[in-house]
Amino acid sequence: MFLKNQWYVAGWSHELDDQRMLARTLVGEPVLIFRSEAGSPVALQDRCCHRGAPLSLGRREGDCVRCLYHGLRFDAQGRCVEIPGQPVVPPKAFVRAFPVVERARWIWIWMGDAARADPDSIPDTHWLDDPAWRGLPGYMHYDVDHLSIADNLCDFNHLPYVHPTTLGGSEQYAQERPLVERLADGVRVTRWLSDIETPPFVRKVVSMPPRVDRWNIYSFTLPGLFVMDSGSAPVGQGARAGNRAGAACFRSCQALTPETATSTHYFFSQLHDFALDQPEVTRAIHSIIEQAFKEDERMIGGQQRTLALDPSFEMLPLAMDAALSHYRRVYAESLAAEQAAG
Amino acid sequence: MFLKNQWYVAGWSHELDDQRMLARTLVGEPVLIFRSEAGSPVALQDRCCHRGAPLSLGRREGDCVRCLYHGLRFDAQGRCVEIPGQPVVPPKAFVRAFPVVERARWIWIWMGDAARADPDSIPDTHWLDDPAWRGLPGYMHYDVDHLSIADNLCDFNHLPYVHPTTLGGSEQYAQERPLVERLADGVRVTRWLSDIETPPFVRKVVSMPPRVDRWNIYSFTLPGLFVMDSGSAPVGQGARAGNRAGAACFRSCQALTPETATSTHYFFSQLHDFALDQPEVTRAIHSIIEQAFKEDERMIGGQQRTLALDPSFEMLPLAMDAALSHYRRVYAESLAAEQAAG
Amino acid sequence: MFLKNQWYVAGWSHELDDQRMLARTLVGEPVLIFRSEAGSPVALQDRCCHRGAPLSLGRREGDCVRCLYHGLRFDAQGRCVEIPGQPVVPPKAFVRAFPVVERARWIWIWMGDAARADPDSIPDTHWLDDPAWRGLPGYMHYDVDHLSIADNLCDFNHLPYVHPTTLGGSEQYAQERPLVERLADGVRVTRWLSDIETPPFVRKVVSMPPRVDRWNIYSFTLPGLFVMDSGSAPVGQGARAGNRAGAACFRSCQALTPETATSTHYFFSQLHDFALDQPEVTRAIHSIIEQAFKEDERMIGGQQRTLALDPSFEMLPLAMDAALSHYRRVYAESLAAEQAAG
């Protein structure tokens, strides 16, 4: 039960290098992605229409793929163009082709009605490929449903508790309520902290005084996209009003793509606009982010085990849940609408 | 579907040493146990009332525990005493606290209605902590339901077959019917064997003639407690009438605490009243018991695999099943009564 | 849901050597097989009638087996002949004995109504034990249902695609339609290829020109038996008309025995009639066959994962599916008939 009429991140551009056949299950469907000889991504259902063998165990033949169970050959539009030993290809012999667009190092795929796939509606994550920013491509596989991770991203109150030595820092952070704006397709969260302890990961990669003005401004929108402007600036210089001189600024692009009802693909990159010619800084930031995401995974995994023991447990809504509650409502309503529409 | 209004063994005293936060699932519920600064055990539901994260991934703050997902703090009675960024704590913000008592190296917990928890009803297992006896703390985790292990403990006919080189010995043992007394809350089994081969494990740890008078006298009572007086004495001196001169005597304390419907915690100690100043004897006895319990586990595990293949299989009641049949009946009736009472 | 009134292959003769107690689950039932002191195979239900312990964890006592949970002893007909401590054995105390026949190195077992077990109906696989042929005993355990493997064996179109460097060779193979004869209990498939590339595995073990006349003639019959005459002969000498001079001839005996609904035992041997005194050739052929079967397993496993994602997927029947479609129909009708008959 997933939203289908959405652009999902299916992978990183580099995952299609070297003629690779990328097999990935997306919103419950097996998908094969590869780059055509002209360089465009192609996405086909990864299930031969004959007897269900994965085309990803097959072989590329130009822009076609031959299933290596019984030899059926499919073109880049998913049409079967050859059946060994059978001169006529029946009209039902095809696999589904998905609209797919490569943009700023991400491969976006549309899992729903192809006629509604509008590349102009792909969200802006240009920082991933902007020479003014640096970041490394990240990926994690989570054995939990995507909404449990969405909860985590909607509520930064967890930062000082889950990530005390990486992203978090002082628990003062959790005392201040962010501004939560309800969007039609998600939430926008703005948090400004004045004169707060410099976050640990910032101290590790850039010279910064022990206290800063700090901000996290992000949107989290359907079907699971997180885009954040964050940073730390010298106290009192007016970062909030726009003066980012001497600040360490970040852009974070993160995408949750459900794999199955109980597992999720997590694509992410934390981009920075300083030390552009110091790859060791880029690597250090990426490494800290990976460490922090493992901290999340440990907590969310523990939460899943606890919830599994008693499906009747009801969560207790608190003030800090404003963003996640709204996102869950938007998700549920969108899903109901999509299913009602057939 | 477990009995709740019962004292269960939750752990060994030493498992709470060094400020440890012991996380253990008991009768299907996640429980966190720790020792207060004053030294008393505290048992809380190991599931934050907010969004279900395990408190055992949190941190001790004096006698309080802070959930390290979003920072809620709970006192030793389970009341939430702080919510970051929210001045008022709602009345529903609490986790359940369980009555818990430490006695003779075991931590006992009451999983039902706290008003009915009477520490005076905790069974006597004082030998675990009696200077006249020696034994080591044992624990096994079983991937079977508790009643399959209860069956095993109710019927010592299996001793010479499952444990020929450890606890068992001559198959003459299985030819003699024990006295089985039906109790309101379980069974009491008395078995005296005159002039029988000395059990292998006794021969290994104490000097004893090749044949002895041997006894096993135990109760097995709700919710899964086994307490046994056993031993071997020189033949014909009247051990049965009370003369235990030159005998090797044992007390065995064993407790089955269900973890889930298909797994069980098993706490045990085999205490001896001889060689009190020879720790190598204590270790040797413990080691043989562990070996024997692995013998049981292999057989019970095989039984489970066989039963899983055909849930319609009906067991064949035999004379030797008197004790286990009664215990299963008592358990089922007690469970039905408890559930009927709400 | 398996056919029961059938002879199934339960194992290889050598698996009963050295007084071994072979425990194997066959069509969902636990079975214990051993060789009597007189040398005949005995097959008993591997589940004590008392409390379900596996007899295979017990011990042989002559032609009897003693359960080593509580000591019940069963004779080779499955009758309980002793219950420790209980003088009278109740009439319900028995385990089922299955008709079992050893023939040409295979142990055949009848899992249904014993009165209908006719050893004369055991299929002919004498090549397994014929001095004019050589082969090694093969076994694989498959984590898929037996019909998915049956599909594979019914349709050799997959040879050049799944096995290009082992059994397959030129894709010309898949262009030619075989003759498919529908049998009451399965299919007979005949494929002759004239002047085709010599199959890779033949080239590896025997001196043969680069092109040959090649044949695969096999039956696949209930409940899952594959017997094949195959070979390669010099082009144009009339192999099809019977002249096999200079040919490399093979007999393949393969049996699928369901273990559970989702797993299958696979017994096989590829026998050759040349190089009879060269065990290295026999080993090489066996090794290539094992490699090829792993190629099948990889594809069938991939197919299973894909199908599991969407149980509503409908396969697309093609001309090449004639044999497998007929076999599946025969299987389904036989199963329905057997179940209707009780």
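Keep in mind the model is a prediction, meaning the values are calculated, not measured.

Across its full length, chain A holds six helices and 18 strands. Expected size for 342 residues packed as a compact globule is a radius of gyration near 20 Å; at 22 Å, chain A falls within 12% of this value. Projected onto the principal axes, the alpha-carbon positions of chain A cover approximately 75 × 50 × 35 Å. Residues classed as buried in chain A amount to 46% of the 342 residues present. Looking at chain A alone, contacts between residues at least 24 apart form 55% of all its contacts between residues at least 6 apart.

Quick look at the environment of E197(B) now. All names here are of chain B. Topologically, E197 is positioned in strand β14 (residues 186-197). Given 18 C-beta atoms within a 10 Å radius, E197 is considered partly exposed. The spacing of E197 and V212 is 15 residues in sequence and 6.3 Å in space, taken between C-alpha atoms. When neighbours within four sequence positions are excluded, E197 is seen to be in contact with G169, S170, P210 and R211.

Let us look at the relation of the copies chain B and chain A. For the pair chain B and chain A, the best superposition has an RMSD of 0.1 Å and corresponds to a rotation of 120 degrees with a translation of 0.0 Å parallel to the axis. When the rotation and shift are considered jointly, the pair of chain copies conforms to a three-fold rotation axis.

Residue and element names in this part refer to chain A. What the domain assignment reports for chain A is domain 1 (7-121) and domain 2 (126-338). Computed over C-alpha atoms, the centres of domain 1 and domain 2 are 33 Å apart. Contacts between the two partners involve 12 residues from domain 1 and, on the opposite side, 11 residues from domain 2. Elements that contribute at least two residues to the side of domain 1 that touches domain 2 include exactly β1 (7-12) and β2 (22-26). The element contributing the most residues to the side of domain 1 that touches domain 2 is β1, with four residues. A class-by-class count of the residues in the side of domain 1 that touches domain 2 yields eight nonpolar, three polar and one charged.

Opposite the 22 residues of chain C that make contact, chain A presents 23 residues. Put simply, the parts of the chain that give the side of chain C that touches chain A at least two residues each are α2 (159-162), α3 (172-175) and α5 (279-309) of chain C. It is α5(C) that contributes the most residues to the side of chain C that touches chain A, six residues altogether. Residue composition of the side of chain C that touches chain A, by class: 12 nonpolar, six polar and four charged.

Attention now moves to the nonpolar core. Core analysis: the largest hydrophobic core is formed by 279 residues, its most contacted members being I33(A), I109(A), I33(B), I109(B), I33(C) and I109(C). If sequence neighbours within four positions are ignored, I109(C) has contacts with Y8(C), A10(C), L26(C), V31(C), A43(C), F98(C) and V100(C).

So, on to the sheet that holds strand β17 (residues 248-260) of chain C. All names here are of chain C. What the seven strands build is an open sheet, ordered β12-β18-β17-β16-β15-β14-β13; its pairing is antiparallel. Where the open sheet ends on each side, the last strands, each with one partner, are β12 (138-142) and β13 (179-183). With strand direction ignored, the average angle separating the axes of adjacent strands in the sheet is 15 degrees. Pairing between strand β14 (residues 186-197) and strand β15 (residues 211-221): 10 bridges, direction antiparallel. Directly across from G186, in β15, lies its bridge partner T221. Against the sheet, helix α6 (residues 322-340) makes contact with β13, β14 and β15, and its axis sits at roughly 165 degrees relative to β14, the strand it touches most.

A separate point is the sheet that holds strand β6 (residues 64-66) of chain C. Residues and elements named next belong to chain C. One open sheet holds the four strands; their spatial order is β5-β6-β7-β8, and the pairing between them is antiparallel. Of all the strands in the sheet, the pair left with one neighbour each is β5 (59-61) and β8 (80-82). Bridge analysis of β6 against strand β7 (residues 73-74) gives two bridges, and the strand direction is antiparallel. Bridged to V65 within β7 is F74.

This part is about the interface of chain B and chain A. With 23 residues of chain B at the interface, the matching set in chain A holds 23 residues. Per-class residue counts for the side of chain B that touches chain A are 10 nonpolar, eight polar and five charged.

Glancing now at unusual backbone geometry. Residues and elements named next belong to chain A. In this structure, the amide linkage connecting L222 to the following residue, P223, adopts the cis form with an omega of -5 degrees. Along the polypeptide, P223 turns up in the loop between β15 (211-221) and β16 (225-234). Within the chain, D18 stands out as a residue other than glycine whose phi angle is a positive 55 degrees. Structurally, D18 can be placed in the loop between β1 and β2. The phi angle at A275 is positive, at roughly 50 degrees, despite the residue not being glycine. Counting through the fold element by element, A275 comes out in the loop between β18 (263-272) and α5 (279-309). Residue classification places A275 among the partly exposed positions, given that 16 C-beta atoms sit within 10 Å.

Before going further, it helps to examine the packing of helix α1 (residues 146-154) of chain A against helix α6 (residues 322-340) of chain A. Residues and elements named next belong to chain A. Orientation of α1 relative to α6, taken along the N-to-C sense of each, is 140 degrees, at an axis distance of 8 Å. It follows from the interaxial angle that α1 and α6 lie oblique. For α1 against α6, the interelement crossing comes out right-handed. Of the residues in α6, those touching α1 at L147, A150, D151 and C154 are A323, L324, Y327, R328 and Y331.

Residues and elements named next belong to chain A. Positionally, F2 belongs in the segment before β1. Residues F2 and L335 lie 333 residues apart in sequence; the distance between their C-alpha atoms is 6.8 Å. Leaving out residues up to four positions away in the same chain, F2 has contacts with V27, G28 and P258.

If you want to describe how two helices pack, look at the angle between their axes and the distance between the axes. All names here are of chain A. It is the contact of α1 with α5, at a shortest axis distance of 11 Å, that shows an interaxial angle of 125 degrees. As judged from the angle between their axes, α1 and α5 are oblique. Judged by the twist between their axes, the crossing of α1 over α5 is right-handed. The residues of α5 that touch α1, namely those facing S148, I149 and N152, are D296, I300, Q303 and Q304. Among the residues forming the contact of α1 with α5, the class breakdown is two nonpolar, four polar and one charged.

All names here are of chain B. Examined bridge by bridge, strand β13 (residues 179-183) and β14 share five bridges and lie antiparallel to one another. Paired with L179 across the bridge in β14 is T190. Hairpin connection from β13 to β14: two residues lie between these consecutive antiparallel strands.

Residues and elements named next belong to chain B. For strand β11 (residues 106-110), the buried fraction is high: five of the five residues fall into the buried class. Neither face of β11 is exposed, since W106, W108 and W110 on one face and I107 and I109 on the opposite face are all buried. Here strand β1 (residues 7-12) runs beside β11; their pairing, made up of five bridges, is antiparallel. From the neighbouring strand, W7 faces β11, where its bridge partner is W110.

Residue and element names in this part refer to chain C. With 19 residues, α6 extends 27 Å between its outermost C-alpha atoms, agreeing within 8% with the 27 Å of an ideal straight helix rising 1.5 Å per residue. Taken residue by residue, α6 has A323, L324, Y327 and Y331 as its buried positions. Looking straight down α6, one finds its buried side chains confined to an arc of 90 degrees; they lie on one side. For α6, the exposed residues set more than 90 degrees away from the buried face come down to R329, A332, E333, A336, A337 and A340. Residues of α6 that are buried sit in contact with α1 (146-154), β13, β14 and β15. Positioned one or two residues after α6, G342 has a phi angle of 105 degrees, which is positive.

All right, on to helix α1 (residues 146-154) of chain B then. Burial analysis of α1(B) places seven of its nine residues in the buried class, which makes it a mostly covered element. Among the residues of α1(B), H146(B), I149(B), A150(B), D151(B), N152(B), L153(B) and C154(B) are the ones counted as buried.

What counts, and where the lines are drawn
- Residues numbered from 1 in each chain as written.
- Chains lettered and ligands numbered in written order.
- Predicted model: local features only at pLDDT ≥ 70, side-chain atom pairs only at ≥ 80, totals over all residues.
- Helix = DSSP H or I, 4+ residues; strand = E, 2+ residues; numbered from the N terminus.
- Rg over C-alpha atoms; globule rule 2.2 N^0.38 Å.
- Buried ≥ 20, exposed ≤ 12 C-beta atoms within 10 Å, placed from the backbone.
- Contact = placed C-beta atoms within 7 Å.
- Least-squares fit on C-alpha atoms with pLDDT ≥ 70 in both.
- Domains from an automatic or database assignment.
- Nonpolar A, V, L, I, M, F, W, Y, C, P; charged D, E, K, R; others polar.
- Core = buried A, V, L, I, M, F, W, Y, C linked by C-beta atoms within 7 Å.
- Pairing = 2+ DSSP bridges.
- Axes fitted to C-alpha atoms, helices over the stretch in contact; angles between N-to-C directions.
- Parallel < 35°, antiparallel > 145°, perpendicular 65-115°, else oblique.
- Left-handed = near helix turned anticlockwise from the far one by under 90°.
- Expected span 1.5 Å × (residues − 1).
- Arc of directions from axis to C-beta.

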